[in-house]
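Residue-level structural notes
The primary structure of each chain is shown beneath.
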Amino acid sequence: MARSNYEYPGYEASGATYWTKTTLLYAVVSLGALWMTLPFWWTLTTALSQNPTASSVTFIPAELTLGNFVTLWERPDILLVRWFLNTVLFATAVTLFNLAFDSLAGYSLAKVDFWGRDTLFLGFISTMMIPGMVTLIPVYLLLVELNWINTYQGLIAPLAANPFGIFLLRQHFKSLPSALGDAAKIDGCNEFQTFYKVYLPLAKPALATLGIFTFMGAWNNFEWPLIIANSNEMYTLPVALFAVRNQYFAEWGLMMAAALLIVAPVIIAFLAAQNYFIQGMSLSGMKG
Amino acid sequence: MSFEESRTDTDAESALFEVATSVKQQLGINRDQDNLMGWMFVLPNVVMFLVFLLGPVLFAFFISFQDWNILKNEGTWVGLTNYIEILQPWPWENNFAALKDPTVNLWWYSLKNTAVYAIGTVPLQIFGGLAIALLLDKRVRGKKIYRAAYFMPVMLSGAASAVMWRWFLAADGVINGLLEPIGLAHNWAGDPATALGGVMLMAIWGGIGSNMIFFLAGLQNIPEELYEAARIDGASDWEKFRHVTWPNLGNTSFFVIVMAIISSFQVFGIALAFSAGGPYYSTTTSVLLIYQRAFEEGQMGVGAAMAFLLFILIFAFSYYQYRYRQSEEVDY
């Protein structure tokens, strides 16, 4: 049950105690928030400084220049556009596959009464317990066998299904009335049409949440592309940043400029659609 | 609801059920068809799970008993050799040398690093997240802005935050710029004694936001009546937290704690991007060691065996937590 903030206990106190408490509250929350956001400011000011030193960028940068971004653009081994497009392709494909596969499975597990359904669902859920690093080596060897290392299909395929998505969408389809499906079938829809035309449009909010969550996860995924993409042309942005770090270590201005290029789109998207991201995050808390 | 009404409802429902059943029969929708369609819908996922999850787990177990040749992509059976090589010398031999010196046994040393990391980050991530959630759950002006500020680090790729923090904590970095005037400047990321602390600081920074969100969601589900009852009984703020908030956050805390510990045992990307396991193995966590053995040195068998050892550890821990949780379960 939601409850309004005005009813929250602890504010009966009045006078001096109230003001001390309130001031302390704001001081603590603001200090914490400063610690959370200052690194972003430092990244920005360093990226905009030609020769960053500790004192020149801490709060207000001494001089501002776009020189680091120009250098990034001009270095022949830094393929900004290519890396960006790789990341977009990778994250989009992973998201679309997840949405397609997980909504089909989620619907089936919620609305179709088939043999072995509950056992299968339990099986899907328990795979969430398998830590990612156990499958890293065997999946890599499988992709070697398929000649899929350093290819887009190698990057995308192993991430195309996700038990959390199945769980989330199953719960959502379960909450929709079965009468809708019965009505559609009386009107002559088959199972797929019932799913596609009746239930899927009603699942849009859940699909949007899962989609954003999956896209963000793939966009930020560092470990998997690190293992699969091993040529400059195939890097996604996080791996590319790691490569830039190894190549131009201690050129801090340049590195922060590169970091900023990865961070900025995510932060802008987050600030624009805050509620979706936060909702996706709190929903992922349900998987426990 | 009167007796009459409820009877009509049931009648209507059973009538509808009969109609639906007869329609289903007329349309030829029967169990066979449900079975067929149901399995067809889950088929893509079943295939993906067999090929990329269940199959690989079994395959990993198989590889861990092999000396794997990555050029031919095939292995030779070596029995328990990989496991013995990883585990020996045991940590308690030679006055716990393996825990103090990375050259004695890197596996135990990496496990020690991982444990230090887990113990240092998990409580702060959780209590930090809980504290901020409790504060923001009150009447705070600009709540949305604060929430966004705390959540922003969660949005970053591990690679990006590691590279950023590597610069902040460098010898000539920003943080030393702040510490220099008070004489505390130090090469934080370059000193084996403090490098892991740097990784932990970054992980706490990036981990508070998500826990805050989980706890905020949990707090929203606590019925207001409980607080009202506590207020009438004259409970202080602390008593309200201790006897109302905390017991009712049980499920959320359990989930948050277990997930935080499991993911802290799998930390790897940030340690790699921060300092590549160095200086002098001080940030070599267990999964980073697995990565280095398997993908930098090509010892797939050793890597798989290490992964399995860690898997057993994580599984035992989760199971223990689950059992403990069941014995503690509180009902309201």
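Chain B goes by Sugar ABC transporter permease in an unreviewed UniProt entry, where it is assigned to Haloferax marisrubri. Its UniProt record gives chain B the following Subcellular location (unreviewed entry) comment, quoted word for word: "Cell membrane".

Chain A appears in an unreviewed UniProt entry as Carbohydrate ABC transporter permease from Haloferax marisrubri. Per its UniProt entry, chain A bears the Sequence similarities (unreviewed entry) comment "Belongs to the binding-protein-dependent transport system permease family." Among the UniProt annotations of chain A, the heading Subcellular location (unreviewed entry) holds the following wording: "Cell membrane".

Here we look at the overall build of chain A
Assigned secondary structure in chain A consists of 15 helices and zero strands. Computed over the C-alpha atoms, the radius of gyration of chain A is 24 Å, more than 25% above the 19 Å expected from 2.2 N^0.38 for a compact globule of 288 residues. Once the C-alpha set of chain A is aligned to its principal axes, its extents read approximately 70 × 70 × 35 Å. Considering only contacts in chain A between residues 6 or more positions apart, those separated by 24 or more positions represent 72%.

Re the environment of Lys-143 of chain B
Mapping Lys-143 of chain B onto the fold places it in helix H6 (residues 143-151). Taking the C-alpha atoms as reference points, Lys-143 of chain B and Val-163 of chain B, separated by 20 residues in sequence, lie 30 Å from one another.

Observations concerning the pairing of strand E2 (residues 74-77) of chain B
Side-chain positions along a regular strand alternate between the two faces of the sheet. All names here are of chain B. Examined bridge by bridge, strand E1 (residues 66-69) and E2 share four bridges and lie antiparallel to one another. By the bridge assignment for E2, Trp-68 is matched with Gly-75. Joining the antiparallel neighbours E1 and E2 is a turn of four residues, in which Asn-73 adopts a positive phi near 55°.

Some remarks on the interface of chain B and chain A
Taken together, the contact pairs 86 residues of chain B with 86 residues of chain A. Top element by residues in the side of chain B that touches chain A is helix H2 (residues 31-63) of chain B. It accounts for 18 residues.

Focus on the UniProt feature "transmembrane region" (unreviewed entry) in chain B
All names here are of chain B. As recorded in UniProt, the feature "transmembrane region" (unreviewed entry) lies at residues 39-63, 115-136, 148-168, 195-217, 254-281 and 301-320. Its end C-alpha atoms 32 Å apart, residues 39-63 is made of 100% helix and 0% strand. Between the first and last C-alpha atoms of residues 254-281 the distance is 33 Å; the span itself is 68% helix and 0% strand.

Reading guide: rules and limits
- Sequence order sets the numbering: in each chain, residues are counted from 1 along the sequence as written.
- As they are written, the chains are lettered A onward and the ligands numbered 1 onward, keeping that order.
- Since the coordinates come from a predicted model, pLDDT governs what is reported: local features require at least 70, and pairs of side-chain atoms require 80 or more to be given and counted, while whole-chain, interface and lining totals use all residues.
- UniProt positions are given in the numbering used here, feature names are shortened, and annotations may be inferred rather than shown by experiment.
- What counts as a helix is a DSSP run of H or I of at least four residues, what counts as a strand is a run of E of at least two, and both are numbered from the N terminus.
- The globule rule used for comparison is 2.2 Å times the number of residues to the exponent 0.38, while the radius of gyration itself is calculated over C-alpha atoms.
- Note on contacts: each residue gets a C-beta atom placed from the backbone, and two residues are in contact if those atoms are within 7 Å.
- Following DSSP output, two strands are said to pair if at least two bridges run between them.

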